[in-house]
Amino acid sequence: MPKILTAREVVDTCIPNGATVTFSGFAGGLMHPEEIMVALEEAALEGRGPRDLTVVYASGQGDSDSRGLNHLGVEGMCKKVIGGHWGLAPKLGKLAAENKLAGYNLPQGTIAQLFREIAAKRPGVLTNVGLGTFVDPRLEGGKLNDAAREAGDVVKVVEFEGEEKLFYPAFPIDVAVIRASFADTHGNCSFQREGVYAEALAQAQAARNSGGTVIVQVEKIVEHGSLDTRLVRIPGIYVDVLVVARPENHMQTFGTQYDPAFSGEVRVPLDSLAPLPMGERKIVARRAAMELVPHAVTNLGIGMPEGVAAVAAEEGLPGLILTTEVGGIGGVPAGGKDFGAATNVDCVLEQPAQFDFYDGGGLDVAFLGLAQMDVHGNINVSKFGPKIAGCGGFINITQNAKKVVYCGTFTAGGLKVGVEAGKLIIRQEGKVRKLIPQVEQVTFSGEYAAKQGQPVLYVTERAVFQLTPEGVELKEIAPGVDLQKDVLDQMDFTPIVRDVKTMDSRIFREEPMGLAL
């Protein structure tokens, strides 16, 4: 029978100094144990609570301000942090930037899978994911600062049956702090009001089989036998402690207290997506949407790529199957502080299983953001000066999708464009160049992709590039732009130029393109 404690009692008695702790959750607060996180921060600010923790998490968890993993951003609480995404927890990232903890950034999907390896007491994860990127020990080894470089490696290059791989070693988990909807008095936990399942099951198994403690935050505790067996996702044999949360600390997402459509309990009518207004975002999304094929299993990144779904709806393209890295199949993914949830999904998988599918090449096409690009076709979305964003699931997705389409504006910082009679008009150039000689950090390796023969396109509002074995080749330019003045002179490297075509003029007109015809 599990103990029933308050969050404060958990912090005072269940998480020892120096423990290796993992927290469940995804992005906008989904499956995140906020009640316990609040208590951790309060204890630290009062000069008590655990210190020198090693924290391990897969998905970014936060609101880019004060919630989620931001509660760990008190100096001295964490000694080492291994995470998949840092951008939503700037308070934690600040400590890493100031070298006040050893910070590591590893692929989100690989960390999620690592929990299963820890649970099964297997040696670790052996994979191609991360080869040629900043996670590769021959580049940075995922180390974010000097403290991490002093602390040592968390990933190794190995040869397995004649092939080069990366090996992510397993290690024991002392405490798993996870979340569920309801628990019964024997500790059986259900997820029926959750929008995702994340990797909570694997985290619980990892801690249990490491001889550690499993702590579950729930909305309510009910009598044993009253939960539908089919809804129980964590069995009571794994659970040591239950904590009942206050409603404000058990929101379904950081943006929504509770929406049954997010948890698949109801299906709701969906208004068709409003057409995007004409501008650089719609131009990029239209050209990218031309790479869709019917019934393609698709992943859309945050930001510019999200416009692909709106264009597909406007054009009436059939069978676009959207998936989310945290486990959603089908439906309409949510954004903002609801990011990670989806309405009217067909299925919700656990995150490690979704990344198994992604890593094995299950995605037909992925549309991701283009923050920085260089002469080798490398992409950086993870680090910009002192700002640590992190790779999240980007590396898993981009290294293994059958096709990758990067979407972004040619320049940033004030770019203004218009269209006239099927031509692009650049009214004001952006101040920041995004096509540079060398990216600050290699989140996607053009060299690795070229060796694998992976089709890769880089789509901007005025030019389309393709990755070739010889390098980055300019394939298309927008009608109305000058090749030299508007394209080549706005880049800090020279692409291959040999057979440049004009982008489809329908992209630059107000009316629908007729892609479904």
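Right above here is the structure, for reference.
All of these numbers come straight from a predicted model, not from anything done at the bench.

Undergrad: I tried to follow the environment of Asn 400 on my own but got confused; where do I start?
TA: Mapped onto the elements, Asn 400 comes out in helix H10 (residues 394-400). Not counting the four nearest positions on each side in its chain, Asn 400 is found in contact with Asn 128, Val 129, Tyr 358, Asp 359, Gly 361 and Gln 454.

Undergrad: Help me understand the sheet that holds strand E6 (residues 124-127), please; the structure alone is not making it clear to me.
TA: Backbone hydrogen bonds are what pair the strands of a sheet, in a parallel or an antiparallel way. Spatially, the 3 strands line up as an open sheet ordered E6-E8-E7, and their pairing is antiparallel. Among the strands making up the open sheet, the edge pair consists of E6 and strand E7 (156-160). Looking at each pair of strands side by side, their axes are set apart by 35 degrees on average, direction ignored. Here E6 runs beside strand E8 (residues 163-169); their pairing, made up of 4 bridges, is antiparallel. Across the sheet, residue Thr 127 finds its bridge partner in E8, namely Leu 166.

Undergrad: Mind showing me how you'd approach the packing of aromatic side chains here?
TA: For any pair of aromatic rings, the description rests on two quantities: the centre-to-centre distance and the angle between the ring planes. According to the stated counting rule, one finds 7 aromatic pairs in the structure shown. Grouped by ring-pair contacts, the aromatic residues Phe 394, Tyr 406, Phe 444 and Tyr 458 constitute a single cluster. Directly above the aromatic system of Tyr 258 lies the positively charged group of Arg 193, at a separation of 3.7 Å from the ring centroid.

Undergrad: Just checking my understanding: could you explain the pattern of salt bridges for this structure?
TA: Any two side chains of opposite charge can pair if their charged atoms end up close together. What the rule picks out here adds up to 36 salt bridges. With a closest N to O distance of 3.1 Å, Glu 194 and Arg 179 form a salt bridge. Taken together, the positions of Glu 194 in the loop between strand E11 (189-190) and helix H6 (200-209) and Arg 179 in strand E9 (residues 175-179) put the pair 15 residues apart, joining distant regions of the chain. Residue classification places Glu 194 among the buried residues on the basis of a relative accessible area of 3%. The exposure class assigned to Arg 179 is buried, which follows from its relative accessible area of 2%. The partner of Glu 470 in a salt bridge is Arg 498, and the shortest N-O contact between them spans 3.4 Å. Taken as a pair, Glu 470 in the loop between strand E34 (463-468) and strand E35 (471-477) and Arg 498 in strand E36 (residues 496-502) lie far apart in primary sequence, 28 residues in all. Overall, Arg 498 belongs to the exposed group, its relative accessible area being 53%. Each of Arg 8, Asp 12, Glu 46 and Arg 48 takes part in a single network of salt bridges with overlapping partners.

Conventions and cut-offs
Residues numbered from 1 in each chain as written. Predicted model: local features only at pLDDT ≥ 70, side-chain atom pairs only at ≥ 80, totals over all residues. Heavy atoms only, no water. Helix = DSSP H or I, 4+ residues; strand = E, 2+ residues; numbered from the N terminus. Contact = heavy atoms within 4.5 Å. Pairing = 2+ DSSP bridges. Axes fitted to C-alpha atoms, helices over the stretch in contact; angles between N-to-C directions. Phe/Tyr/Trp six-rings, centres within 6.5 Å; stacked < 30°, edge-to-face > 60°. Lys NZ or Arg CZ within 6 Å of the ring centre and 35° of its normal. Salt bridge = Lys/Arg side-chain N within 4 Å of Asp/Glu carboxyl O. Buried < 20%, exposed > 50% of the residue type's maximum accessible area, 1.4 Å probe, protein only.

Note that every value here comes from positions in space, so none of it alone points to a role or purpose.
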